[in-house]
Amino acid sequence: MRLPSLFPMSLFTASLLTTMAAAQEANEIERIETTSSRIQGQITATGYAVSSISEETLSMLSFQHIQESLNYIAGAGVQRGNGQEYLPALRSPVLTGAEACGGILAAEDGIPLRAAGFCNINELFEAHGEVAERIDVIKGPASALYGSNAIHGVINVITPDTTQGTGQLALDYGSYGFHRAKLQQGKDFGSSGVGIAASLTRDTGYRNDEGVDQEKVSLRHRIEWDSTVITSGLTYTHLDQETAGYIEGFESYKSTELARSNPNPEAFRNAKSLRIWSKFNTSFDGGHGLSITPYLRNQDMRFRMHFLPGKPLEENAQKGVGVLSQFNYIVNDYVSLDLGIDAEYTEGELVQSQQGATEGSAFLVETIPSGKHYDYDVDAALIAPFFALNWQHEKWDVSFGGRFESMQYDYTNNMNVGRVREDGTQCGFGGCRYSRPADSSNDFDSFSPKLSLRYQLSGSTQLFGGLARGYRAPQATELYRLQRAQEVTDLDSVTADNIEVGITGTTDRGSYTLSFYSLEKDNVIYRDSNFFNVSNGETWHRGVELSFNQKISDVLRVDFAGTYARHTYEHSQITGELDIKGNDMDTAPKVQLNTRLNYDVTRSIQAQIEWQHVASYYTDAENLNEYDGHDLVHARVRFNVNNDITLHARINNVFDTKYAERADFTSFTGPRYFPGRPRNFMLSATFAL
């Protein structure tokens, strides 16, 4: 693994002004426990930072899209698409294709939203973030608790424990037809409790023929006795979305008419998800602890692939069962041992079909026929034992662990084999675009060691660091959704070696975290110029992150989050007649900042101004096309009318800046964009029940 090169002083100075890792609040210890350990009260892996977006921050923001909240995390550069769609980035460029969902693990209450191998780019819309108690983020492959798909980190949405009897009703009303209702209510019976959290969203959208109808509900039950607590939950989500596609043309997002247009009024996405789980938590004499969480998942989705020639329809579904476990054994006052095993079984299916003829050149018309393109089933089994040895003594806190993961796929093709039409006839120009491999089985085994440490430099300052390897088994779509002449894939698991060092501490009136990281990925899966899925890519990701919150006076506080990072291709690949080795990866701004100034006008009125900066970035691997970046300013006010009623007013994009949520470039379309919304407002009222 290559160690990060020395940063020149000018870069170091710039990075101090442009980087972040989550600020630590006085009550963040409990937050760290929830995401870095499955056992309450046990801090078993403190050698790395868990960044948290608190309930208070989420309430002030009341995001319309979860991307807005992730702007507060250093190294996160999530780009919003249309509706509830997005592309993720966490210590990475904005990821596209299968890697977009396979590089960052998305979870709710510690349970992955999707099975390994069956991720979806937009899977966070299946989490109930609208009512989240907080959102935790682990950056990098830091923890043995998380395996495949956690190369760049984990985004974990924590839903509220509504069984404690608290209740509230919240109503949001905003520009462009946005309105939402949220409800939380529960009943605490002492040693048990029940609760519900629900949200209903309607958004007719800024652009033509777009809109979002979304409903989510989370149920919770708790029962406890002696040293045992059993908490059970259910989350159901439904999304009915009319999608607006990219607009094309250089800087077309600056035209109001083009920005509101929708070149793909036929595009849509319908998705349903159901997750049921029950967490058994118990402690034993001597302080030992055990956590076992069985769960069920059921998901299905239909969406128009408007970004592909022929605009095919994809229908996919997965259902499965799994279990997460952890046993914490206290050896003595200084040493503890974590042992566990995770397992899941998933049945997945996918159909891609096209109704009419493809429009475009004679080549496209001939090679992309109507009818079914793919129809297959995949059964997947995963088993992953892990361990961590933890040592805490005086100023030192060290954890060494590892995770072994075995993934097995059993693939069944329900169509004819090869690159022919559904009826078996040949396409011209050498064959059809879509190729279907024969039935097969594939196995992938990976081991990832982890080392983390923390040193108490003083009463208010800690040094931390770590070495870790992450991995990601190939996704089912990479193995079985082939193109052109490829009849079988020979893919390896993606691996990532990460090194990180940092310092965190508190000041008289605030806190800070500064970290440096270097992550190298090997066997990166990508589609080469022959449209073959191959796994010989290499990329390098390194950066500096800083976060702090600081009270300037009794009524003023500044929260800062920023990053300076480089993401480069490290393998030779000819693209557009150029070798991209050494180039910046596309959609990877070097600098991203988020600064919030909070002002307590009175005891019951708080105001906030937010500045978001995204630097310029290349939109193609050849580094020939570029987006200039943007700066946005948002304003918010909260008024606590009394103990039961709180009012909010928010203005997003105060200066009505014309910008692109996402900028992209393809050789077929040239520059294309998802335009950002102009100045808009939202009013909210929250009532205690």
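What you are looking at is a predicted structure, and each value in this text was computed from that prediction instead of being measured.

Calculation notes
- Residues numbered from 1 in each chain as written.
- Predicted model: local features only at pLDDT ≥ 70, side-chain atom pairs only at ≥ 80, totals over all residues.
- Heavy atoms only, no water.
- Buried < 20%, exposed > 50% of the residue type's maximum accessible area, 1.4 Å probe, protein only.
- Helix = DSSP H or I, 4+ residues; strand = E, 2+ residues; numbered from the N terminus.
- Pairing = 2+ DSSP bridges.
- Polar contact = N/O pair within 3.5 Å; in protein donor to acceptor, adjacent residues only side chain to side chain.
- Salt bridge = Lys/Arg side-chain N within 4 Å of Asp/Glu carboxyl O.
- 1 Å grid on protein atoms, 1.4 Å probe; cavity = no way out; pocket = protein on both sides within 12 Å on 5 of 7 lines; lining within 4 Å.
- Points joined across faces, edges and corners; volume = space filled by probe spheres on them.
- Nonpolar A, V, L, I, M, F, W, Y, C, P; charged D, E, K, R; others polar.
- pLDDT = per-residue confidence, 0-100.
- Contact = heavy atoms within 4.5 Å.
- Phe/Tyr/Trp six-rings, centres within 6.5 Å; stacked < 30°, edge-to-face > 60°.

Observations concerning the pairing of strand β24 (residues 494-507)
Here's step 1: For β24, the tally of buried residues reaches 10 of 14 residues, placing the bulk of the element in the interior.
Here's step 2: Pairing of strand β22 (residues 461-472) with β24, which is carried by 12 bridges, proceeds in the antiparallel orientation. Within the sheet, the bridge partner assigned to L463 lies in β24 and is I503.

A closer look at the side chain of D497
Here's step 1: The topology assignment puts D497 in strand β24.
Here's step 2: By relative accessible area, which is 13% here, D497 ends up buried.
Here's step 3: Side chain to side chain, D497 and R469 meet in a polar contact 2.7 Å long.

Observations regarding the environment of Y334
Here's step 1: Along the chain, the position of Y334 falls in the loop between β16 (313-330) and β17 (335-354).
Here's step 2: Residue classification places Y334 among the partly exposed residues on the basis of a relative accessible area of 41%.
Here's step 3: As a C-alpha pair, Y334 and D397 span 63 residues in sequence and 9.2 Å in three-dimensional space.

Side note on the pattern of salt bridges
Here's step 1: A complete count under the given rule lists 38 salt bridges for this structure.
Here's step 2: Notably, a salt bridge pairs D584 with K590, separated by 2.9 Å at the nearest N-O pair.
Here's step 3: The class for D584 is buried, based on a relative accessible area of 10%.
Here's step 4: Take K590: its relative accessible area is 28%, and that puts it in the partly exposed class.

Quick word on empty space enclosed by the protein
Here's step 1: Applying the stated rule across the entire model yields 15 cavities of 30 Å³ or more.
Here's step 2: When its volume is computed, the second largest cavity comes out at roughly 230 Å³.
Here's step 3: In this structure, the second largest cavity is lined by 25 residues; those nearest its centre are L105, P112, S148, E344 and R403.
Here's step 4: Elements with a contribution of two residues or more to the lining of the second largest cavity: β4 (105-108), β15 (289-304), β17 and β19 (396-413).
Here's step 5: Counting residues per element, the lining of the second largest cavity draws most heavily on β17, which supplies 3 residues.
Here's step 6: Among the residues forming the lining of the second largest cavity, the class breakdown is 13 nonpolar, 4 polar and 8 charged.

Observations regarding the pairing of strand β10 (residues 192-203)
Here's step 1: One ladder, built from 10 bridges, connects strand β9 (residues 178-188) with β10; its direction is antiparallel. Looking across to β10, one finds that Q184 is bridged to A197.
Here's step 2: In textbook terms, the turn of a hairpin is the stretch between consecutive antiparallel strands, and for β9 and β10 this stretch comprises 3 residues, one of which, G190, has a positive phi near 95 degrees.
Here's step 3: Two strands pair when backbone bridges link them, and β10 and strand β11 (residues 211-225) are joined in this way by 12 bridges, in the antiparallel orientation. Note that in β11 the partner of V194 across the bridge is H221.

Quick word on the confidence of the model for the protein
Here's step 1: Overall, the prediction assigns the protein a mean pLDDT of 90, with 92% of residues at 70 or greater.
Here's step 2: Contacts of residues 1-33 to residues separated by more than four positions or lying in other chains number 97 contacts, the stretch itself having pLDDT below 50.

Structural notes on the packing of aromatic side chains
Here's step 1: Tallied over the entire structure, the rule returns 18 aromatic pairs.
Here's step 2: Measuring from ring centre to ring centre gives 4.9 Å for Y253 and Y673, while their planes differ by 65 degrees; the resulting arrangement is edge-to-face. Placement of Y253 in the loop between β13 (247-248) and α6 (256-260) and of Y673 in strand β37 (residues 670-675) is noted, with a sequence separation of 420 residues between them. Comparing Y253 with Y673, the two get one shared label, buried.
Here's step 3: Taking 5.2 Å as the distance between ring centres and 50 degrees as the angle between the ring planes, the aromatic pair formed by Y617 and Y627 counts as tilted. With a gap of 10 residues between them, Y617 in strand β32 (residues 617-618) and Y627 in strand β33 (residues 626-627) connect regions that are remote in the sequence.
Here's step 4: The exposure class assigned to Y617 is buried, which follows from its relative accessible area of 3%.
Here's step 5: In this structure Y627 comes out as buried when scored by relative accessible area, which is 2%.

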